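# Coordinate analysis (summary)
Here is what each chain is made of, one letter per residue.
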Amino acid sequence: MTTTTTTALTHIANLVTNDPSLGDGTPLGLIRDAAVVIDGDRVVWTGESSRAPATDNAVDAGGRAVVPGFVDSHSHLVFAGDRTAEFNARMSGRPYSAGGIRTTVAATRAASDDELSANVARYLGEALRQGTTTFETKSGYGLTVEDEARALRIAARHTDEVTFLGAHIVSPDYADDPAGYVDLVTGPMLDACAPHARWIDVFCERGAFDEDQARTILTAGLAKGLHPRVHANQLGHGPGVRLAVELDAASADHCTHLDDADLDALGQGSTVATLLPGAEFSTRAAWPDARRILGAGATVALSTDCNPGSSFTSSMPFCVALAVRDMGMTPDEAIWSATAGGAAALRRTDIGRITPGARADLVLLDAPSHVHLAYRPGVPLVRAVWRAGARVV
Ligand SMILES: [Zn+2]
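Since the structure is predicted, the reported quantities are computational estimates derived from the model, not experimental observations. (Residues numbered from 1 in each chain as written. Predicted model: local features only at pLDDT ≥ 70, side-chain atom pairs only at ≥ 80, totals over all residues.)

## Re the overall build of the chain
Formally: The secondary structure listing takes helices from DSSP runs of H or I that are at least 4 residues long and strands from runs of E that are at least 2 residues long, numbered from the N terminus. Using C-alpha atoms as the atom set, the radius of gyration is obtained and then compared with a globule rule of 2.2 Å times the number of residues to the power 0.38. Exposed residues have 12 or fewer other C-beta atoms within 10 Å of their own C-beta, buried residues have 20 or more, and partly exposed residues fall in between, where C-beta atoms are placed from the backbone. Placing a C-beta atom from the backbone of each residue, one calls two residues in contact when those atoms lie within 7 Å.
Broken down by element type, the chain carries 13 helices and 15 strands. Its C-alpha radius of gyration of 21 Å places the chain within 12% of the 21 Å reference for a compact globule of 393 residues. Principal-axis analysis of the C-alpha atoms gives the chain an extent of 70 × 50 × 45 Å. Counting across all 393 residues of the chain, residues that qualify as buried make up 55%. When contacts within the chain are restricted to residue pairs at least 6 apart in sequence, long-range pairs at least 24 apart make up 68% of them.

Structure below.
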């Protein structure tokens, strides 16, 4: 006989379930004066507080809001060092000619396994305190067979959602032989990395990898059981989004520069458009138009892109606020995209919602409504976090 302890979270002023069949019938499935019952690591009941079944324990939410744990489906956390000087120069209008990603590659190669793992744990702790209960992270700062495989092994200690990004940039060791680097990525590097990853990603952009190179790399990954995701259309218009849809990638990430054909493809395919507002914020770049992407019928996710160069934030609430303020999303859309949208971008149905059967990942906000995540930007509103039924904050 197994015995588990049931816990009810009661007197929730506003509960975001992300199940449109519940509550007010909107995509957020909002239930007012709600309760959630957790049994072990799962949600077993959601509904109005007055109808909650008897449980072993109860936690009074005190008229606050509860949202699903955030699903951060795009980050680059296995790195060493930082790029403060580069950011400071960029924001001060001064030219800066250090190596960008290459700077981080050099620091990461020089770091020990323990240093890299401690860094991942540190940024994960930050994210958890801000309500992130699932995150994806990538390699991409090693760019040798050994350094890429090492990054993935370290990432896999912290999450199941691990992505091989050997094709982040052409390795500086292959500056004169990009075709040779593609051969390395699709050959020995893929062989060494595939056992440690679920996903394969390519930075498909002018100056990184072109359409043919990206297709070759992603197709090689598919043959090894890795599913594609693509860094697409960030710095300018390009083939990345359409390639992502062609290969049924789980996600096309950035989607800053889209034409009508890209929007049609996203609207018709099952590839999620993942918007990363921290990147536009941190580089003072033009914002993607989320209204246009949503209007095309695409599924939209929001994510941090946490990395030391172009978006050094681990905060999903910050990204929600930016998406509302600068990308034209409604607060409801932004919160859906940061939870259920992220789950869709990872092709997961067990997270990003608070419904019976889902993993019990919940964020109790120090606010009466989920809208406060955008309404009160920069304020630490996360009061408590449960992940898989355990209170972790
Ligand atoms: Zn990225």
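Text resumes after the structure shown.
## Looking at helix H11 (residues 316–326)
Of all eleven residues in H11, eight are buried, a share of seventy percent or more. Taken residue by residue, H11 has Met-316, Pro-317, Cys-319, Val-320, Ala-321, Leu-322, Ala-323 and Val-324 as its buried positions.

## Considering the domain arrangement of the chain
The condition is simple: Domain start and stop points were drawn from an automatic or database domain assignment. Side-chain classes follow a simple rule in which Ala, Val, Leu, Ile, Met, Phe, Trp, Tyr, Cys and Pro form the nonpolar group, Asp, Glu, Lys and Arg form the charged group, and the remainder, Gly included, forms the polar group.
Looking at the chain, the domain boundaries give domain 1 (6–69 + 353–391) and domain 2 (70–345). On the side of domain 2, 19 residues touch domain 1, which itself brings 20 residues to the contact. Those elements that provide at least two residues to the side of domain 1 that touches domain 2 are strand E4 (57–68), helix H13 (372–375) and strand E14 (382–387). A per-element tally of the side of domain 1 that touches domain 2 places E14 first, with three residues. For the side of domain 1 that touches domain 2, the per-class residue count stands at 13 nonpolar, four polar and three charged.

## Some words on the UniProt feature "binding site: Fe(3+)" (unreviewed entry) in the chain
Quick note on the threshold: UniProt positions are given in the numbering used here, feature names are shortened, and annotations may be inferred rather than shown by experiment.
Listed under "binding site: Fe(3+)" (unreviewed entry) in the UniProt record, and renumbered for this structure, are His-74, His-76, His-231 and Asp-305. Of the residues just listed, which span 232 residues, no C-alpha pair is farther apart than 12.1 Å, and they cluster in one region. Counting through the fold element by element, His-231 comes out in strand E9 (residues 227–232). Apart from the residues within four sequence positions on either side, His-231 is in contact with Asp-201, Val-202, Phe-203, Cys-204, Glu-205, Gly-240, Asp-253 and His-254.

## Notes on the environment of Gly-187
Relative to the assigned elements, Gly-187 resides in helix H5 (residues 178–193). When the 12 C-beta atoms within 10 Å are taken as the criterion, Gly-187 is described as exposed. Taking the C-alpha atoms as reference points, Gly-187 and Val-145, separated by 42 residues in sequence, lie 9.6 Å from one another.

## Regarding the pairing of E14
Here is the rule we go by: At least two bridges found by DSSP between two strands is the condition for calling them paired.
Of the pairings in the sheet, the one linking strand E13 (residues 362–365) to E14 comprises four bridges and is antiparallel in character. Residue pairing for E14: Leu-365 is matched across the bridge by Val-382. Bridge count between E14 and strand E15 (residues 390–391): two bridges; the pairing is antiparallel. Each bridged residue has a counterpart across the sheet, and for Arg-387 the counterpart in E15 is Ala-390. Between the end of E14 and the start of E15, which pair antiparallel, lie two residues, with Ala-388 showing a positive phi angle near 50°.

## As for the sheet that holds strand E5 (residues 70–72)
Under the convention used in this document: What counts as an axis is a line fitted to C-alpha atoms, over the stretch in contact for a helix, and the angles between N-to-C directions run from 0 to 180 degrees.
Pairing is parallel across the open sheet formed by eight strands, whose spatial order is E5-E6-E7-E8-E9-E10-E11-E12. Looking at strand neighbours, the two that pair on one side only are E5 and strand E12 (300–302), the edges of this open sheet. The average undirected angle you get between the axes of adjacent strands in this sheet is 25°. Direction of pairing for strand E8 (residues 199–204) relative to E9: parallel, over a ladder of six bridges. What sits directly across from Trp-199, in E9, is His-227. Here helix H4 (residues 145–156) sits on the sheet in contact with strand E6 (132–138) and strand E7 (161–167), set at roughly 165° to E7. Along the sheet, H11 makes contact with E5, E6, strand E11 (272–275) and E12, crossing E12 at roughly 130°.

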